[in-house]
Amino acid sequence: MNKYIEKVLNETRAKNANEPEFLQTVEEVLSSLEPVIDAHPEYEQVSLLERMVEPERTIEFRVVWEDDNHNWQVNRGYRVQYNGALGPYKGGIRFDPSVNLSIIKFLGFEQTFKDAMTGLPIGGAKGGSDFDPRGKSEMEVMRFCQAFINELYRHIGQDIDCPAGDLGCGGREINYMYGQYRRLVGASEFGALSGKSVTTGGSLMRPEATGYGAVYYLVEALKLHGDDIKGKKIAISGYGNVGWGIMRKALELGAKVTYFAGPDGYIHDPDGVDSEEKLNYILEMRAKDPMHCAPYAEKFGCEFVAGQKCWGVKDVDIYMPAATQNDVNMEWAEKIAASGVKYYIEVANMPTTNDALEFLKKQEHLVVAPSKAVNAGGVSVSELEMAQNAERLYWTAEEVDEKLKGIMKNIFNNSVEVAKRYNLKRGDKYDLVAAANILGFQKVADAMMAQGIF
Ligand code: GLU
C-alpha cells in the first residue's frame with residue numbers, strides 16, 4: 001500500500017473511531033487510489049487526501065415540531081457539506097431512525113465522488129434526520145419538514161447547496177421543504193431543492209431517474225462483455241423509487257425483474273414484473289405499507305419467501321442490490337459467487353460490506369460494478385432540474401431521458417478508460433470499482449489543486 005494513503009487512513013481511523021460506516025467508505029475509496037497517488041507525489045505536499053476526507057462543513061441542529069397530540073417532539077438534523085470544489089453542494093436528505101453523523105458522513109463522502117463522476121458542476125453533500133416518517137400523519141410530516149427547513153434554509157440556496165431526497169424523503173417531503181424555504185427567503189428560488197414535483201418546478205422523470213440510469217449503466221456493462229440486455233432476468237433488493245425504476249426500464253428494454261426483496265422477504269415471479277398492472281400495483285402496495293411486499297405474491301399468484309434475501313438464486317443473469325447499505329455481507333457474497341451469475345451491479349449506496357466486495361471482485365467469472373457510478377443518474381437528473389430552474393423552463397421527459405442516457409454512457413466509458421490507463425484488471429475484467437473511485441477523485445483533485453489551498 002502507498003505510504004501516504006496508509007498514513008491518511010491511520011489518521012482517519014484514529015480521528016473517527018466512533019464512525020464505522022464513514023470509516024468503511026474511506027477505506028474502500030482510499031485503498032483503490034494507489035495508482036493515481038503514486039503518479040502524483042505533489043498531492044502529499046499539499047495534504048490533498050487529508051483535506052478530502054475532512055468535510056468542509058458539518059451542520060448539526062435541533063428540529064422541534066408539534067405532533068398531532070400537541071406534544072413537542074425533538075429530533076436531530078444534519079447537513080454535511082463535504083466538498084464544494086466542483087460546484088454547489090449537492091446530495092440527498094435521509095429521514096430514518098438509523099441516521100447519525102457516521103451515516104451522513106459516509107454518504108457525503110461517497111456523494112462527492114459520485115457527483116464528480118457525472119461531469120456536471122456539483123459538489124458533494126448529504127443530510128438528514130433521525131426522524132421516522134413511518135406511521136406519521138400527513139400534517140406531522142409537513143410540520144416536521146417545515147421545522148427542518150427553519151434551520152437548514154440559512155445554509156442552502158441555488159448557488160450554495162441544493163438538497164434532494166433519499167431514504168424516507170420523497171417528492172412530498174421535498175415539496176413541503178421547498179414551500180417553507182420559499183416563505184422564509186421570499187423568493188421563488190427553485191434551485192435550492194431538487195426532486196420537487198413538476199407542479200413546483202421539479203423535473204420530469206426525476207423519481208425514476210436513479211433506476212433508469214442504473215439500467216443504462218448495465219446496458220453498457222453487458223455490451224462490453226458481449227452480452228445484450230434483451231431476455232435477461234434480474235434479481236433486485238428494494239422496490240422503492242430506485243427498484244421500481246429498474247423494473248420499468250428493464251421491461252422497456254426487453255429484460256425483466258423476476259425476483260425482488262423487501263423488508264419482509266422476497267418475491268419470485270417467474271414471468272417477471274412484466275406489465276403496467278404489476279408496476280402500478282407495486283406503487284399502490286408501497287404507498288399503503290412500505291414494509292411488506294408479500295401482498296404482491298397473493299395478488300399475482302407467485303411465490304413469497306418470508307424473512308429471506310434473494311441473493312444466491314441461480315435462475316437470473318444479474319443481481320442488483322438496490323435497498324440500503326451493507327445488504328450483502330460475506331455470507332451472501334459466498335452464495336452470490338457460488339450461484340454462477342455473471343453480473344453484480346451495486347445500486348444502493350454501499351450495499352456491500354468491504355470484505356464481501358473484495359471477495360466478489362476476486363471472482364473471475366463476475367463483473368462487479370460500483371454503486372457510486374451506477375446510481376449517479378439520480379443526482380444527474382437533480383442537476384438537470386437545477387439547470388431547468390435556472391433557465392425557467394421545463395424539458396420533456398424524452399429530453400431528460402436522452403440526457404440521462406448520455407451521462408450514464410459517459411460515466412461507464414470514462415471508467416473503462418481510467419481502468420485501461422492504470423491497467424486496473426482482475427483476470428480479463430476491468431476493475432470498475434477502483435476505476436470509478438479514481439475517476440471521481442481525479443476531477444475533485446484537479447479542481448482543488450487549481451483553486452489553491454484552503
Ligand atoms: N440521494 C440521491 C443520491 O444518493 C440523490 C441526490 C440528489 O439528487 O441530489 O444520489
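Description of the structure in this document. (Residues numbered from 1 in each chain as written. Predicted model: local features only at pLDDT ≥ 70, side-chain atom pairs only at ≥ 80, totals over all residues. Heavy atoms only, no water.)

1. Things to note about the site of the ligand
Consideration 1: Near the ligand, the surroundings consist of 14 residues, among which Lys90, Lys114, Gly165, Asp166 and Ser382 are the closest.
Consideration 2: In this structure, Gly91 approaches the ligand through a main-chain N or O atom, which is 3.4 Å from an oxygen atom.
Consideration 3: At a separation of 3.0 Å, an oxygen atom of the ligand approaches a polar side-chain atom of Arg206.
Consideration 4: Coverage of the ligand by the protein chains reaches 93% of its 290 Å² of free accessible surface.
Consideration 5: Counting residues per element, the ones that place at least two in the shell around the ligand are strand E3 (89–95), helix H6 (101–117), strand E5 (161–165) and helix H16 (376–391). (Near = heavy atom within 4 Å. Polar contact = N/O pair within 3.5 Å; in protein donor to acceptor, adjacent residues only side chain to side chain. Areas by Shrake-Rupley, 256 points an atom, 1.4 Å probe, with all protein chains shown as cover. Helix = DSSP H or I, 4+ residues; strand = E, 2+ residues; numbered from the N terminus.)

2. What to know about the side chain of Thr210
Consideration 1: Following the sequence through the fold, Thr210 ends up in helix H9 (residues 206–224).
Consideration 2: With a relative accessible area of 12%, Thr210 lands in the buried category.
Consideration 3: Residues contacting Thr210, with those up to four places away along its chain left out, are Val242, Val374, Asn375, Gly377 and Gly378. (Buried < 20%, exposed > 50% of the residue type's maximum accessible area, 1.4 Å probe, protein only. Contact = heavy atoms within 4.5 Å.)

3. Points about the environment of Asn16
Consideration 1: By the element assignment, Asn16 lies in the loop between helix H1 (3–15) and helix H2 (20–30).
Consideration 2: In this structure, the C-alpha to C-alpha distance between Asn16 and Ser102, residues 86 residues apart in sequence, is 8.7 Å.
Consideration 3: When neighbours within four sequence positions are excluded, Asn16 is seen to be in contact with Phe22, Leu23 and Lys105.
Consideration 4: Only 3.0 Å separates the side chain of Asn16 from the side chain of Lys105, close enough to count as a polar contact.

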